[in-house]
Amino acid sequence: MCLLFINRASAQNITVKGTVTDSKTGETLVGVSIAVKSTQTGTQTGPDGKFTLSAAPTAELSISYIGYATQTIAVAGKTDIDVKLVAQTNELQQVVVVGYGTQRKLDVTGSVVQIKGEEISKQSSVNPISSLQGKVAGVQITNSGSPGASPEVRIRGLGTVYGNANPLYVVDGVWYDDISFLNPNDVESLSVLKDASSEAIYGIRAANGVILITTKKGSKNTKATVNYDGIVGNQVITNEFKLANGQQYATIINELDVLGGAAQGRYADPNSFGTTDWNHQIYRNALITNHNLTVNGGNDKSTYNVAFGYLKQDGIVSTNTFDRYTLRIKNDFELSQYLKVGYTLTGNLNQSRDIDGSIFHQTYAAVPIVPVRYADGTYGDPNDFNVTSSAMFNPQVTLDFFNQRSKTYRANGNVYADLKFAKHFTFHTSLGGDYGQGAVTNYSPLYTATFSQRSTKSTLTLTNNQTRNWIFENTLTYQNTFNKDHSLTVLLGQGAQSYRFNQTIESAENVPDNGNGYYLSQGNNYKLKDVEYGQYPLYSTVSSYFGRVNYSFKSRYLLNATLRADGSSKFSPSERWGYFPAVGAGWVISEEEFMKNQSFFNTLKLRGSWGKNGNMGVPAALSTLVVTQNDGLIYVGPGGYTSPGANITTIVPDQIYWEKSSGTDIGIEASMLKNRLYAEVGYYDKRTDRAIFDAPILSSIGLSSSSGSSIISNQATFQNKGFEFLVTWKDKIGKDFGYTLSGNLGINQNKVLSVAGNNYIDQAVNTVGSANINTHTVLGQPIGQFYGLKVVGIFQTPEEVAAYKKGDNQIMPNAKAGDFKYQDVNNDGVIDDKDRVVLGNPNPKFTYGFNTAFTYKNFDLAIDVQGVAGVDIYNANVALRFGTENYSQDFFNNRWHGAGTSNTYPSANIAGGQNNRSNSFYVESGSYVRVRNMQLGYTIPTAITSKLNINRLRVFVNAQNALNFFSYKGFSPEVGGGATRAGVDANVYPLYATYNFGVNVGF
């Protein structure tokens, strides 16, 4: 009877075949589970996305795949069923890109955040990383106003002083230090790896975080589609900084003369002077336009995506321009159901007209009573207005006679092949390269413009850079599920990398300008310099082996283990190899039986990880002793033969090795209330071991001034620890209105945890005097903290100066009325270096963002807010003066100019006496809140566009950095800088707001 029943059931079943694809891209999906409901029958899609199984004609199929919504489909007697799966809206169910693969967010045991390309392209940023500002907790982005410039990126704080502090960028499997070549419109997704466990698979380059970028690819079984995205806009300085006008300038300079001992000021009638507004003369509203054209499509065996981009960005400085051309071609081919090959090729051309780096200080300090030009057309000459030599410049002359052009060609990309075999194995091989050629042409002509701005000879300088990098990697992946409960993925890999950089500098004098180019051969005194040392390694190689194991039990208990070994030729044989282990674990609490009867949590996960990684981006050749040629030294040989001499003026350590970083990460992730609410809370403790740090030595042994009185070596430990928070709410009201509200917060504390011998690093950054230290990096304190004397008031009268005593001794006997009054911190009756204290911290304690998106029918609106807090800026512009330079209007209005007029601002003699010493007056709050981006768009109804043979037409208006709120008395509180030089505002390119109009068109 049983046998008869089974035979009869089998006879009723039919064979069902089909293909499962992504509903958006058309890409076939491998490993999709297809189960016949209420039975034990099931299968998975193969390498080609196809499946075959036996089922009753009335059965229902359940199709599920990580990152996609599960579908139930009735067989209804059909033998061919094709399925299109829709990407899951649950944050934890989405698939994210991780090192050498992808994972469901729910299965990730580290801290990984993925940003979609459409969020990046919505902003008018010329670099895709700039668009991350305010979107990822714990990631600090500092932008520059310079056209085409790359932003500074700090992931979970600053962990190095001398090494490369920026993260590693991996674009389609190729490693980069900088991605200025990449068009933001070409980005499909961007993943930020923040914890040591997820970063460890990248070993020696991962200590400062890793950013993985996947570029757009073609869609399967899709006719050719053409998309155009374009904007045109205007860039405007957001916080116009006011300077003293002509009358105010003459007035305050007269005060300066009297304070210096003169009987009266040099300008008899200050009201007789007019005003040159140098800000309006040098700065401008600048055009930006960006155009992108993409062709996309494919059949069932191949896909293609071709993208061309053109960016023209004029700088805020009137002569500054930047143009970028990008071309990207991406093809993928399925040669069989087991073999897939493809390539990505990117070409890039950047060209710019540059500006003199001193123009910003000159604009700030230029004398406003000097005209740009006289009536006869000649330049206004500061020498005609009785100013000191330090103010002898006309900024317009600087712009007009600075002639420098830069051009960079860059080609990069990779080719790959994927071979699937033995059902569970995939072999992946990839070869990538990055080839660049840069040229900077600087020509200084023979000219006479003013008394001090002249050149008696022309000079041509050509700087050529070459980059030749390649990376070759092979991975073998085993993926299988046992008994439905045990999921195992094993990755083994091997890689090799080569880095080559070369720079040559050629120069000649008395080169004529014949109107059609400049030629070194037409000049004399030719010189050639081949840069081989310092930060430019000519050649280095890296060899790597790595592996990772991912295990999951019932999608409830997760385990991840990674080990990478890297060897670099940059270091000595005994320190050549580094080993970087990591482990992560996760508990999906929502999969436990005791969570089945609750409805508040859709998913709830607890994760933790620990790992080590490295930073090989330390300066090369630090342990190489260099003999320096010195024209001041003469070698006299036999017979009176002479030649230029050379000597050794530096001390180097025996050896330098890479910095190592280790980190612990703990987090909770949850989706709640029918996946409308998503939240993450994380804690991290990240340490940099063997960090390169200064050790002071005696200067009397004959060091050069450039080498300072220290030797650097691996001897310190830095720590960054803190908390990160993310909350996102997504919902719809009715069928037409949808909205997303998302806020993130990062809290970080930076500290020097240990230093051999309690050594320290002092820097005088844009202060007057090389010994005028304003940053101090020392044990127990943050890197690069501001340091100096504490101002407790302004001396109002000579009697108050005399009364400031310790016992019978005057504490500041040489001070005058109007000078700063400093606190005698150690109470010894003398103001000296022993009274210096911590004045501020350039490392922000808080970074945050609030991002919104609204849709109503065909309208869409996005508003992003971003800010930092708990951070300070050293305003060096105020004291960076040597004579009769101009003052800010704020200083003029609030200065001390007689007893009782001010107890916070000093007199006009701010650069005299001890007033220009690093002190608390120059340190201001760098906290700000900014409306980072606002975009309002409207999609034209298809009823209209279809008549025009247009698939999609959207128009939008956008405003970036339009609203800024801060108390800092400068152009912008967004000031970057190197590790021990950060946050010092002097000669910084102003930031701006961008207002633009754009269209998105699809054919």
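Computed from a predicted structure; not experimentally measured.

J.: Sorry if this is basic, but what is going on with the overall build of the chain here?
T.: A count of helical and extended segments in the chain gives 10 helices and 54 strands. Referenced to the eigenvectors of the C-alpha coordinate spread, the extents of the chain come out at roughly 125 × 70 × 70 Å. Counting only residues that meet the buried cut, the chain has 52% of its 1003 residues in that class. Look at the contacts in the chain between residues 6 or more apart in sequence, and 69% of them connect residues 24 or more apart.

J.: Would you take a moment to explain the sheet that holds strand 2 (residues 33–36) for this structure?
T.: Through backbone hydrogen bonds, the strands of a sheet pair up, either in parallel or in antiparallel fashion. With antiparallel pairing, the 4 strands of this open sheet are ordered in space as 3-2-5-6. Edge positions in the sheet fall to strand 3 (42–44) and strand 6 (71–74), since each of these pairs with one other strand and no more. Put simply, the sheet's adjacent strands are angled 20° from each other on average, direction ignored. Of the pairings in the sheet, the one linking strand 2 to strand 3 comprises 3 bridges and is antiparallel in character. Following the sheet pairing, Ala35 is matched in strand 3 by Gly42.

J.: I keep staring at the UniProt feature "domain: TonB-dependent receptor plug" (unreviewed entry) in the chain and nothing clicks. Help me out?
T.: Within the UniProt annotation, "domain: TonB-dependent receptor plug" (unreviewed entry) is assigned to residues 105–210. Here residues 105–210 runs as 8% helix and 26% strand, with 17 Å between its end C-alpha atoms.

J.: What exactly am I supposed to notice about the pairing of strand 16 (residues 210–215) here?
T.: Regular strands have side chains that alternate between both faces of the sheet. In terms of burial, strand 16 is a largely internal element, 5 of the 6 residues being buried. With 4 bridges connecting them, strand 13 (residues 168–171) and strand 16 associate as parallel partners. Looking at the pairing, Leu168 lines up with Val210 of strand 16. Direction of pairing for strand 15 (residues 187–193) relative to strand 16: antiparallel, over a ladder of 6 bridges. For Val187, the partnering residue across the bridge sits in strand 16 and is Thr215.

J.: Explanation requested: a nonpolar patch on the surface in the structure shown.
T.: Among the surface-exposed residues, Tyr557, Trp587, Phe594, Leu606, Ile666, Ile668, Val681, Phe723 and Phe725 lie close enough to one another that they form a single nonpolar patch of about 790 Å² accessible area. Listed by contribution, the elements that provide at least two residues to the nonpolar patch are strand 35 (659–672) and strand 37 (710–733). Exposure remark for Trp587: the relative accessible area of 31% places this residue in the partly exposed category.

J.: What exactly am I supposed to notice about the environment of Leu182 here?
T.: Note on placement: Leu182 falls in the loop between strand 14 (174–176) and strand 15. Assessed through its relative accessible area of 1%, Leu182 is described here as buried. Once the C-alpha coordinates of Leu182 and Val126 are considered, the two residues, 56 residues apart in sequence, prove to be 8.9 Å apart. Every residue in contact with Leu182, bar those within four places of it in the chain, is listed here: Val126, Pro128, Val187, Ile213, Thr215 and Arg324.

J.: What am I meant to see in the pattern of salt bridges here?
T.: Pairing of side chains with opposite charge becomes possible as their charged atoms draw close. Enumeration according to the criterion identifies 35 salt bridges in this entry. Residue Asp833 pairs with Arg917 through a salt bridge whose shortest N-O separation is 2.5 Å. Residue Asp833 is found in the loop between strand 45 (820–822) and strand 46 (837–840), and its partner Arg917 is found in the loop between helix 9 (889–894) and strand 50 (923–925); the two are separated by 84 residues along the sequence. Residue classification places Arg917 among the buried residues on the basis of a relative accessible area of 19%.

J.: Please clarify how the environment of Trp610 should be interpreted in this entry.
T.: With respect to the helices and strands, the residue Trp610 is situated in strand 32 (residues 601–615). Among the residues examined, Trp610 registers a relative accessible area of 34% and is labelled partly exposed. In this structure, the C-alpha to C-alpha distance between Trp610 and Thr398, residues 212 residues apart in sequence, is 54 Å. If we skip the residues at most four places from it in the chain, Trp610 touches Ser197, Pro581, Ala582, Val583, Gly663 and Thr664.

J.: Is there a simple way to think about the sheet that holds strand 13 in this case?
T.: Sheet architecture is open: 5 strands sit in the order 10-15-16-13-14, paired in mixed fashion. In the strand order of this sheet, the two ends are held by strand 10 (112–116) and strand 14, each with one partner. Neighbour-to-neighbour, the strand axes of the sheet open up by a mean angle of 20°, direction not taken into account.

J.: Looking at this model, I keep getting lost on the side chain of Gln133. Mind explaining?
T.: Examined against the element boundaries, Gln133 turns out to sit in the loop between helix 2 (117–121) and strand 11 (139–142). For Gln133, a relative accessible area of 2% translates into the label buried. Within the structure, Gln133 has its side chain in polar contact with the side chain of Arg932 (distance 3.4 Å). Not counting residues within four places of it along the chain, the set of residues in contact with Gln133 comprises Ile141, Asn143, Gln866, Tyr928, Arg930, Arg932 and Glu974.

Rules used throughout
Residues numbered from 1 in each chain as written. Predicted model: local features only at pLDDT ≥ 70, side-chain atom pairs only at ≥ 80, totals over all residues. Heavy atoms only, no water. Helix = DSSP H or I, 4+ residues; strand = E, 2+ residues; numbered from the N terminus. Buried < 20%, exposed > 50% of the residue type's maximum accessible area, 1.4 Å probe, protein only. Contact = heavy atoms within 4.5 Å. Pairing = 2+ DSSP bridges. Axes fitted to C-alpha atoms, helices over the stretch in contact; angles between N-to-C directions. UniProt positions renumbered as here; feature names shortened; annotations may be inferred. Patch = residues over 30% accessible without salt bridge, like charges linked within 9 Å, V, L, I, M, F, W, Y side chains within 5 Å. Areas by Shrake-Rupley, 256 points an atom, 1.4 Å probe, with all protein chains shown as cover. Salt bridge = Lys/Arg side-chain N within 4 Å of Asp/Glu carboxyl O. Polar contact = N/O pair within 3.5 Å; in protein donor to acceptor, adjacent residues only side chain to side chain.

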